[in-house]
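Notes for the structure review
Spelled out from the first residue to the last, the chains are:
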Amino acid sequence: MPRITVNGITVDFPFQPYPCQKAYMAKVLECLQKKVNGILESPTGTGKTLCLLCSTLAWREHFKDTISARKIAQRMNGVELFPDRPVSSWGTAATDGDVPTYYTDIPKIIYASRTHSQLTQVINELKNTVYRPKICVLGSREQLCINPEVKRQEGNHMQIYMCRMKVMARACHFYNNVEAKPCILEREGFAKACPYYLSRSLKQQADIIFMPYNYLLDSKSRKSHNLDLKGTVVILDEAHNVEKLCEESSSFDLSPYDLASAMDAINVVLEEQAKVVQQNEINAEFNMELAKILLQLESAIDAVELPPNGSGVTKEGSYIFDLFAEAQITWQTKSSLLESLEQILQFLSGRTGIFINTSGLHKVSDIIQTLSYWCFSPGYSMHELVRQGVRTIILTSGTLSPLSSFTMEMQIPFPVSLENPHVIDKHQLWVGIIPKGPDGTVLTSTFERRFSEDYLSSLGKTIGNLVRVVPHGLLVFFPSYPVMDKSLEYWRVCSLLLKPMFVEPRNKGSFSEVIDAYYDKVTCPKSNGAAFLAVCRGKASEGLDFADINGRGVIITGLPFPPRMEPRVILKMQFLDEMRKSGAGAQYLSGREWYSQQASRAVNQAIGRVIRHRQDYGAIFLCDHRFTTCDVRSKLPSWVRPYVNVYDNFGHAVRSVSLFFRVAQEIVSKHFLYLTFLSSSQAHRLSTLSLQYEKRLTDEQKGGRKKIKLVTEPAEPKKARATSYIATVKDTLSQQNYELFSKALQQYKKTDDFHAMLSQMSSLFVEDEKKHALLRDFYQFVRPQHKKQFDEACCNLTGVGCGYKPEHSLPREEREILPCSHKLCLSGQNASTAPRKEAEKAPGSKKEHHQALRTAYLSDVQRALDKSSYSQFYSALLAYKKTDNYDAMVSVIAALTTERPQDFHLLQSKGFLKFTLIYLKGKCGCCDLM
């Protein structure tokens, strides 16, 4: 593995890192060496996890070298082992002046992420490195317990208490094995030991401890797991959720259901203890007192006067103490109440028979221990970590932008920060702000406009058109469930639903079923793809991976502000405004700034679904006019901002993204899928194509529409391309397999036996993934009548098709018109005279053929549109012939033919393609709408 030096530390990395990866590791090491906090944003797909692990563990090894050097120097009494490298220089880059004395001074690494599944992915990444630290993964009893009797308990709380009782009584042999001597563990194996308690004991010797966020941020969890944070390095991965989790870990809700279930549980205990009252007289009396206290608390809550409009009432945080005091819950009674609750819970966990819900009792117990309330400053939890003596805190994620507001929320200093670029190239990402729909209606999902018919209609047409140009999978994100539901309802009534659409369910339990159906539809060879409709901040926008064909495009339909009238949002904004007015104002966002930041962060998280790795490519559509404002655009991720273009004309956006996908598919599929097999001529062709596309992008960003000729057909002749392919196959295959390949090719030419050919080619190229591209490139030798079958077979066998188009199945003589049209369409040139001159030179039969095409297509249009629409359509054509104003013609035709789904075929048919070539002066940019 390559060894690189970053900030004076040698890091073993699995491959030669990209510049952005070296920059990321440099920032991590800066935090560790200077003992400061860092906030680091690096897009998904840039190898963030690998960089974190390698740089952190390399620094830890250097730290260890410092201690070793000190001990050796003491024993050598100043004599140097290596004259050219003094012992005093060993490992100094890791400590920045620290003089550690013992190996126990080496900082532990605490690596926290949102879920255990994410931690599993991190551990798998660790296996790809040369580093082999001692690791420990902390989990809950629900996840780790292997005692069958405990696992049968219904509810996590009952499992906890039964486990505790068995441990105290030493009645769990899995736990007893953990306390056994090492030789017993060695002999019987770890499978006989309790994973939950074993992980708690192993964490003392671990170099790196993995755990979910809440184990670290929740003071109760830290205490229960006996976490000592002094001197540790804390890494919070996927930290875009940290703000919310910090607030929630210091907050609680107490519902009437919680109190009712707690009283029900106490009543069960009282009834059973009444049967043996002589033995439990004192406890029974105190349990009756506890039931009385809960009833008083319920009465105190019921007595709070609420406004008639149902908006609820908000009070100062200290009010919670007054409320509890009315029920005799005070600091003086706290200890006795908790002891009684503990006894009741233990009693219930040990009884058999009907299950008793103890969740209410647990919540009351937790609340009495904390006596807390809603926390509106995530900085509280961050300060707690600092007070615990943490050496360094690193927050990192793919979407932390805007960083300035994020750091203000955390309320602790972050001297080191980074907004990393992506590892992708220009031709792999397209970003467009689309402020207007095809019909010219302004797209805005503001509270006042989000349910208006003209907006819903225009949004439906916008998505309907984009569905046609985005290949495979498309993600559509709405600001909220009500907006998504209302949109779907309107589109169903107006018959605006198009490509198969899958909707994110509110019930998370059925989510996996829906998402699996979407994946199946996208990958089905006979499918034209599918769209997945979801909401920002939902499950689809958070942790799911929509790599490659599962997410070639993302549509953002608005700015997802939090619910403005939700009590928690109101109080949060009030709190921030009050703090802003106080002496600490400079350290806090205003309520409005926080509100805006929440929308931007949700957008950025959804955007992150589209590019998932180095070879991925896709498009981002920001379909709300508010994205045109500098304030909103400035909050987009730094890796997205350079690609953003505003398209005031919807037709321009569709044409541009159509070109993007054609070029991206050509470049990325060829360049990345078999880079090792490229001949020099093929590499030159792809390089030229990439440069041409970048030139086109530059022209668009400057606002011009410079006519440049860009064709995706190879510049080299077919014969040269075929010769190059055969040479590549010969270099790749063994001599024996190459002879089989040649024989199969000749046999196919003679017999036209498609299935025999496919069977032979599959056996040669499918087993090794690196050879998949060679199978797809064989497409050039496949007969027209077999091309569709071959494309479908390649899609099934390799996951990627060959770029099949219906015209590929036509005989050569019927394709003669089409190659010209594609070149004209992609070039963007004004070809208003060339086709006409060709038609003038054509023989009479061809002129008659063209006339028949024009007549047939106009007849189709006339039948489909009403009289008024057809009149507008025809007037637009006449105006174009006179003025040559292409944009005016496209906008009218696009609006007329996307008004109803049943008219979309007027843009998709070959008749329209040929019509634009022959009748409309040969300028076929309209076919980009297909």
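Calculation notes
Residues numbered from 1 in each chain as written. Predicted model: local features only at pLDDT ≥ 70, side-chain atom pairs only at ≥ 80, totals over all residues. Heavy atoms only, no water. UniProt positions renumbered as here; feature names shortened; annotations may be inferred. Salt bridge = Lys/Arg side-chain N within 4 Å of Asp/Glu carboxyl O. Helix = DSSP H or I, 4+ residues; strand = E, 2+ residues; numbered from the N terminus. Buried < 20%, exposed > 50% of the residue type's maximum accessible area, 1.4 Å probe, protein only. Pairing = 2+ DSSP bridges. Axes fitted to C-alpha atoms, helices over the stretch in contact; angles between N-to-C directions. Contact = heavy atoms within 4.5 Å.

If you check an unreviewed UniProt entry, the protein chain appears there as Regulator of telomere elongation helicase 1 from Cyanoderma ruficeps. Its UniProt record gives the protein chain the following Catalytic activity (unreviewed entry) comment, quoted word for word: "ATP + H2O = ADP + phosphate + H(+)". Entered under Sequence similarities (unreviewed entry) in the UniProt record, the comment concerning the protein chain runs "Belongs to the helicase family. RAD3/XPD subfamily."

By the definition in use, this model includes 18 salt bridges. The salt bridge involving Glu593 is made with Arg580; its shortest N-O contact spans 2.9 Å. With Glu593 in helix α25 (residues 591-607) and Arg580 in helix α24 (residues 567-581), this residue pair connects regions lying 13 residues apart in the sequence. Among the residues examined, Glu593 registers a relative accessible area of 37% and is labelled partly exposed. Given the relative accessible area of 35%, Arg580 is considered partly exposed. One network of salt bridges, with partners in common, ties together Lys27, Glu30 and Lys34.

The next subject is the environment of Asn465. Relative to the helices and strands, Asn465 resides in helix α20 (residues 453-469). Taking the C-alpha atoms as reference, Asn465 lies 7.9 Å from Val654; in sequence the two are 189 residues apart.

Here the focus is the sheet that holds strand β6 (residues 208-212). Overall, parallel pairing links the 7 strands, which are arranged β5-β6-β4-β7-β8-β3-β9 in an open sheet. Looking at the sheet topology across the chains shown, the edges are occupied by β5 (135-137) and β9 (416-419). On average, adjacent strands in this sheet sit at an angle of 15 degrees to one another, irrespective of strand direction. Here helix α3 (residues 116-126) sits on the sheet in contact with β4 (109-113), β5 and β6, set at roughly 155 degrees to β6.

What follows concerns the UniProt feature "binding site: [4Fe-4S] cluster" (unreviewed entry) in the protein chain. Mapped onto this numbering, the UniProt entry annotates "binding site: [4Fe-4S] cluster" (unreviewed entry) at Cys145, Cys163, Cys172 and Cys194. Maximum C-alpha separation among the annotated residues is 10.9 Å over a sequence range of 50 residues, consistent with a single clustered spot. In this structure Cys163 touches Arg141, Val150 and Tyr197, once residues within four positions along its chain are discounted. The residues contacting Cys194, other than those within four sequence positions of it, are Phe174, Tyr175 and Val178.

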